[in-house]
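Here are the chains, one letter per residue:
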Amino acid sequence: MKSRVIVASSKQMWINRAVDLIVESANQAIRERGRFSLVLSGGSTPQPVYQALALPHNLKRIILSRTHIFFGDERCVSPGDPQSNYRMVKLALLENAPIPAANIHRMRGELRPPAAAADYQKQIEEYFEGQEQRFDLVLLGLGTDGHTASLFPGTKALEEKHAWVAANQLEAPLQSNHVPAQQAWRITLTYPALSTARRMVFLVRGEGKQEIIGKIFDPEGYDPQIPAAKIAENHPDQTWVLDKSAGRKLTI
């Protein structure tokens, strides 16, 4: 696996490196293709990056009117739910960044999971109509089990070969009517969508990620069944931004 790895010595350096990569990708995409498609990662890890990107001095570094925001995954909840990735991004970034509303492409987690996946597939197809279908930059996180976006080990979405969006069901307690809880479903971009990204950046921090990082980068113990490893395998332009804790045991 060919990767560029950055191990930041402090949280602020980790944030700064991530912001710089976003700005660099944005300016290159706008210069070469006239617009920038950015896929955001959810969860708590990237939140400080989005908050930093929303600071006035960083917003001035990107042409926001030509920036389009997409999402790598979403929980099947309303956009105002505390678990919503959209809500996190809105509070951390969008409320302070004057990106046109038409440029925000939200996964509609409040819909039934199959309908939400179909709706997002349509949004992507409409955005790329008549152009090469490749996101400029995809930001990805990493779970302790090796999942990224909502591509969890052992789930059906890992098998998708063609569609760019899938409804993925996770294990969760059943409701009284024996229907899986809505929170057990996620909408996620798939391998076909993520693998074609022009640039891929993994944002990883915390001691809890040391073991899975070791597995991904260990040439002897490398397991291609780890979702994040499979996505990253042979991708020509990928960068891993690790904090000191996540990268402490890394030897490459």
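Residues numbered from 1 in each chain as written. Predicted model: local features only at pLDDT ≥ 70, side-chain atom pairs only at ≥ 80, totals over all residues. Heavy atoms only, no water.

### Regarding the overall build of the chain
- When helices and strands are tallied, the chain shows eight helices and nine strands.
- For 252 residues, the compact-globule formula gives about 18 Å, and the C-alpha radius of gyration of the chain, at 17 Å, lands near that figure.
- Across its three principal axes, the chain shows a C-alpha extent of roughly 50 × 45 × 35 Å.
- Counting the 252 residues in the chain, one finds 53% classified as buried.
- In the chain, 76% of the contacts between residues at least 6 apart in sequence involve partners at least 24 apart.
- Counting only carbon and sulfur atoms, one obtains 48% of the accessible surface of the chain, whose full area is about 11,900 Å².
- For the chain, the separation between the mean place of its 30 positive charges and that of its 26 negative charges on side chains is 5 Å. (Helix = DSSP H or I, 4+ residues; strand = E, 2+ residues; numbered from the N terminus. Rg over C-alpha atoms; globule rule 2.2 N^0.38 Å. Buried < 20%, exposed > 50% of the residue type's maximum accessible area, 1.4 Å probe, protein only. Contact = heavy atoms within 4.5 Å. Areas by Shrake-Rupley, 256 points an atom, 1.4 Å probe, with all protein chains shown as cover. Lys, Arg positive; Asp, Glu negative; His and termini not counted. Charge placed at Lys NZ, Arg CZ, Asp CG, Glu CD.)

### Looking at the layout of surface pockets
- Counted as a void, the largest pocket has a volume near 340 Å³.
- In terms of lining residues, the largest pocket is bounded by 22 residues, among which Ser41, Gly42, Gly43, Gly141 and His147 are the most central.
- Residue assignment for the lining of the largest pocket shows that the elements contributing at least two residues are strand E4 (73-75) and strand E5 (137-140).
- When its residues are assigned to classes, the lining of the largest pocket shows seven nonpolar, eleven polar and four charged. (1 Å grid on protein atoms, 1.4 Å probe; cavity = no way out; pocket = protein on both sides within 12 Å on 5 of 7 lines; lining within 4 Å. Points joined across faces, edges and corners; volume = space filled by probe spheres on them. Nonpolar A, V, L, I, M, F, W, Y, C, P; charged D, E, K, R; others polar.)

### Some points on the pattern of salt bridges
- Going through the model one piece at a time under the given rule, you end up with 13 salt bridges.
- Arg199 is the partner of Glu24 in a salt bridge, and the nearest nitrogen-oxygen pair spans 2.8 Å. Separated by 175 residues along the polypeptide, Glu24 in helix H1 (residues 11-33) and Arg199 in strand E8 (residues 199-204) bring together distant segments of the chain.
- Of the residues examined, Glu24 reaches a relative accessible area of 40% and is grouped as partly exposed.
- The closest approach of N and O atoms between Arg33 and Glu32, which form a salt bridge, is 3.2 Å.
- What makes Arg33 partly exposed here is its relative accessible area of 33%. (Salt bridge = Lys/Arg side-chain N within 4 Å of Asp/Glu carboxyl O.)

### Thoughts on the sheet that holds strand E7 (residues 185-189)
- Pairing within the open sheet is antiparallel, and its three strands lie in the order E4-E7-E6. With partners counted over all chains shown, the strands left at the sheet margins are E4 and strand E6 (165-169), one partner each. Pairs of neighbouring strands in the sheet enclose a mean axial angle of 20 degrees, with direction left out of account.
- As paired elements, E4 and E7 share three bridges and run antiparallel to each other. Paired with Arg75 across the two strands is Arg186, which belongs to E7.
- The strands touched by helix H5 (residues 113-128) are E6 and E7; relative to E6, the strand with the most contacts, the crossing angle is about 160 degrees. (Pairing = 2+ DSSP bridges. Axes fitted to C-alpha atoms, helices over the stretch in contact; angles between N-to-C directions.)

### A short note on helix H4 (residues 85-94)
- For H4, the tally of buried residues reaches seven of ten residues, placing the bulk of the element in the interior.
- In this fold, the buried residues of H4 make contact with strand E2 (36-40), helix H2 (47-53), strand E3 (67-71) and E4.
- A side-chain oxygen of the first residue of H4 lies 3.2 Å from the backbone nitrogen of Tyr86; this N-cap is Ser84. (Polar contact = N/O pair within 3.5 Å; in protein donor to acceptor, adjacent residues only side chain to side chain.)

### What to know about the packing of aromatic side chains
- All chains considered together, the criterion is met by ten aromatic pairs.
- Measuring from ring centre to ring centre gives 6.4 Å for Phe70 and Tyr120, while their planes differ by 75 degrees; the resulting arrangement is edge-to-face. On the criterion of sequence distance, the pair formed by Phe70 in strand E3 and Tyr120 in helix H5 is long-range, its members being 50 residues apart.
- Classification of Phe70 as buried rests on a relative accessible area of 0%.
- Between Phe128 and Phe135, the aromatic rings sit 5.5 Å apart at their centres with planes inclined by 70 degrees, giving edge-to-face as the arrangement. Note on accessibility: Phe128 and Phe135 belong to one class, buried.
- An aromatic cluster is defined as three or more aromatic residues linked by ring pairs; in this entry it consists of Phe70, Tyr120, Tyr127, Phe128, Phe135 and Trp164.
- Over the face of the ring belonging to Tyr127 we find Arg35, whose NZ or CZ atom lies 3.6 Å from the ring centre.
- The ring of Tyr86 has Arg106 lying over it, and the distance from NZ or CZ to the ring centre is 5.5 Å. (Phe/Tyr/Trp six-rings, centres within 6.5 Å; stacked < 30°, edge-to-face > 60°. Lys NZ or Arg CZ within 6 Å of the ring centre and 35° of its normal.)

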